[in-house]
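Listed below, chain by chain, are the residues.
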Amino acid sequence: MPSSLYQRYRPKKWADLADQTHVKVTLQHEIERGQIAHAYLFVGPRGVGKTTTARLFAKAINCEKREKKSGEPCNSCPSCERIDAQQSFDLIEIDAASHTGVDHVREYILSAAEVQAGHGQYRVFIIDEAHMLSVAAFNAMLKILEEPPAHVIFILATTEAHKVPATIISRCQRFDFKRISPDIIRERLRILADKEKVAVDDEVLSAIAEHAEGSLRDAEGTLGQVFSLGTKKLTMEEASLVIPRSTLGDAAELIALCLRGATPEAIALVNDKVLNGIEMSNFMTDIVVWLRMLLLAKVATQLDLFSQQTIGELRTKAIDQASGTSVEQLQRMIDVFVTRRGMIGQAPIEQLPCELAVVEVCSSSSATKDEPKKEKTKDDDDNKPAPATDKKSDAKVEKESKASSTFQMDEVKTRWQEVLDKVKELNRSLSYVLATALPLGISDGKLEIGVSYPFHQDRIREAKNRLVLAEATKHVFGQPLRVEAVLNESEKFAGSVS
Ligand SMILES: [Zn+2]
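Residues numbered from 1 in each chain as written. Predicted model: local features only at pLDDT ≥ 70, side-chain atom pairs only at ≥ 80, totals over all residues. Heavy atoms only, no water.

In the annotation of an unreviewed UniProt entry, the entry for the protein chain reads DNA polymerase III subunit gamma/tau. Within the UniProt record for the protein chain, the comment given under Function (unreviewed entry) is "DNA polymerase III is a complex, multichain enzyme responsible for most of the replicative synthesis in bacteria. This DNA polymerase also exhibits 3' to 5' exonuclease activity." What UniProt records for the protein chain under Subunit (unreviewed entry) is the sentence "DNA polymerase III contains a core (composed of alpha, epsilon and theta chains) that associates with a tau subunit. This core dimerizes to form the POLIII' complex. PolIII' associates with the gamma complex (composed of gamma, delta, delta', psi and chi chains) and with the beta chain to form the complete DNA polymerase III complex." (UniProt positions renumbered as here; feature names shortened; annotations may be inferred.)

### Some thoughts on the sheet that holds strand β8 (residues 438-443)
Ordered in space as β8-β9-β10, the 3 strands form an open sheet in which the pairing is mixed. The open sheet has two edge strands with one neighbour each: β8 and β10 (482-487). Within the sheet, the average angular offset between the axes of one strand and its neighbour, ignoring direction, is 30°. (Pairing = 2+ DSSP bridges. Helix = DSSP H or I, 4+ residues; strand = E, 2+ residues; numbered from the N terminus. Axes fitted to C-alpha atoms, helices over the stretch in contact; angles between N-to-C directions.)

### Quick look at the side chain of Q351
Tracing the sequence through the fold places Q351 in the loop between α17 (327-341) and α18 (352-367). Overall, Q351 belongs to the buried group, its relative accessible area being 13%. (Buried < 20%, exposed > 50% of the residue type's maximum accessible area, 1.4 Å probe, protein only.)

### Let's talk about unusual backbone geometry
Positioned with a positive phi, D19 is a non-glycine residue whose angle comes to about 60°. Positionally, D19 belongs in the loop between α1 (5-8) and α2 (21-33). Residue D19 is classed as buried on the basis of its relative accessible area of 13%. In the Ramachandran plot, K197 falls in the positive-phi region, its phi being about 55° despite a non-glycine side chain. Within the secondary structure layout, K197 lies in the loop between α8 (182-195) and β6 (199-200).

### Focus on the nonpolar core
Ranked by internal contacts, the top residues of the largest apolar core, which has 49 residues, are F42, F57 and V124. When residues in this core are grouped by element, the largest group, 6 residues, is from helix α3 (residues 50-62). Split by domain, the residues of this core number at least three in each of domain 1 (5-176) and domain 2 (182-239). Contact partners of F57, with chain neighbours within four places excluded, come to W14, L27, I31, I36, Y40, I153 and I155. Counting residues in hydrophobic clusters, the runner-up holds 38 residues, among them L257, W290, I334 and F337. (Core = buried A, V, L, I, M, F, W, Y, C linked by side-chain atoms within 4.5 Å. Domains from an automatic or database assignment. Contact = heavy atoms within 4.5 Å.)

### A closer look at the sheet that holds strand β1 (residues 39-43)
Judged by pairing direction, the sheet is parallel, and its 5 strands sit side by side in the order β2-β3-β4-β1-β5 without closing on themselves. A strand with exactly one partner marks an edge of an open sheet, and here the two such strands are β2 (91-95) and β5 (173-176). When strand polarity is set aside, the average angle formed by the axes of neighbouring strands in this sheet is 15°. Strands in contact with α2 are β1 and β5; relative to β5, the strand with the most contacts, it is inclined by about 150°. Running over the sheet, α3 touches β1, β2, β3 (123-128) and β4 (152-158) and is turned about 175° from β3.

### Details of the confidence of the model for the protein chain
Summary statistics for the protein chain give a mean pLDDT of 80 and a share of 81% for residues scoring 70 or more. The model gives residues 369-405 a pLDDT under 50, and that stretch makes 46 contacts with residues more than four places away or in other chains. Counting contacts from residues 490-498, a segment whose pLDDT is below 50, to residues more than four positions away or on other chains yields 11 contacts. (pLDDT = per-residue confidence, 0-100.)

And the structure:
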């Protein structure tokens with residue numbers, strides 16, 4: 001049995017093929033009517049179903065029991081079974097990336113094309129990465145395409161159509177495959193998870209779908225990696241070992257600071273992200289994604305371009321932030337961040353390009369503060385809770401937790417479950433982190449809790465999570481406690497368990 005999910009659950013009929021509706025419908029019509037071309041060109045990004053479609057097509061036209069006026073293969077006749085088992089002589093797949101020589105095309109394609117198709121009606125050649133063929137190989141193929149044998153069909157698949165000679169393209173029926181939307185990818189991943197009988201949080205599937213950039217094959221590959229963690233119930237906590245955590249919320253926070261011209265706070269935020277192990281290239285990409293959202297919200301209120309999963313609660317924030325800016329300002333900021341992002345590889349310090357971009361946009365935004373923006377800033381300060389920058393939230397928690405040393409550890413231990421319940425209410429994913437943590441003791445006004453993994457420690461240290469913990473402890477004990485996570489490797493942790 002093939003090991004990867006992508007191979008194991010490759011669609012066996014048109015109905016199972018994800019998206020690409022225009023391609024599916026047209027090809028099925030051609031099969032139903034028997035109007036089949038001799039050469040097809042499938043163009044599109046990697047992992048969107050080009051080869052899968054080509055195989056389905058080959059199977060359907062060779063199916064011995066296909067119903068009249070149907071484009072679907074039966075999947076049970078000998079021809080269908082041979083193709084599924086990759087044992088058919090009527091379906092020949094060639095990876096042009098590894099067979100670029102003209103000799104190969106001559107010997108393999110030409111000679112195979114001369115032999116009559118075996119059990120089925122057609123002999124189908126799928127040439128993957130077709131743009132990799134040499135000029136001579138293309139010329140040899142052109143000769144076949146000029147006078148194609150009746151039973152031979154070529155399907156050229158490529159990610160780079162501009163590298164395929166125009167003489168070849170003009171003899172092909174062309175289909176353009178598009179990137180698959182995150183929503184459709186997520187649905188497909190859910191089906192696979194159900195088939196594999198693994199319980200996975202929606203949040204995990206959404207994160208995978210967002211990171212796949214339209215490639216279903218990549219998404220299924222990542223899902224396979226997440227499955228290999230071996231847990232029966234997968235949450236974002238486990239999955240974050242495999243999927244890079246989204247920093248879009250952090251990007252929104254940074255831009256809010258930049259728009260206020262708060263340079264020191266913005267620089268501090270960037271450095272906090274670096275300390276937390278966030279990759280600067282990912283972070284700067286999310287900053288650009290966020291700025292684009294603001295721009296789209298501004299010029300066309302087209303936030304619908306982003307799936308609900310991507311934006312979620314950030315949607316209102318985007319509209320709000322956008323209203324305090326001008327199109328020109330956003331354009332400028334995007335330019336700065338895109339340009340600086342390109343410098344990450346050469347910079348001696350990873351966060352330097354991001355810091356330079358911050359300084360640049362902060363200085364220009366404080367110099368060009370316009371009327372509506374001033375109003376907005378004032379409004380923000382008056383009516384909304386202070387933004388959760390590390391500096392501010394730290395100060396707030398510090399101040400409020402001064403009295404905490406008077407607390408008895410016994411009370412904390414006996415009422416710890418109540419704290420967990422409150423945290424669960426406020427932030428479900430944080431409650432999973434805390435589920436394995438235990439209160440150890442109170443020192444210097446801080447409540448120490450023991451955690452098992454460094455990434456749990458990191459999560460608890462995040463500014464927004466500290467605020468959640470402050471609120472939860474305040475709810476239970478009447479006053480907020482500053483919670484400090486320590487790594488579970490000391491004797492005292494073992495002691496507190498027993
Ligand atoms: Zn069949």
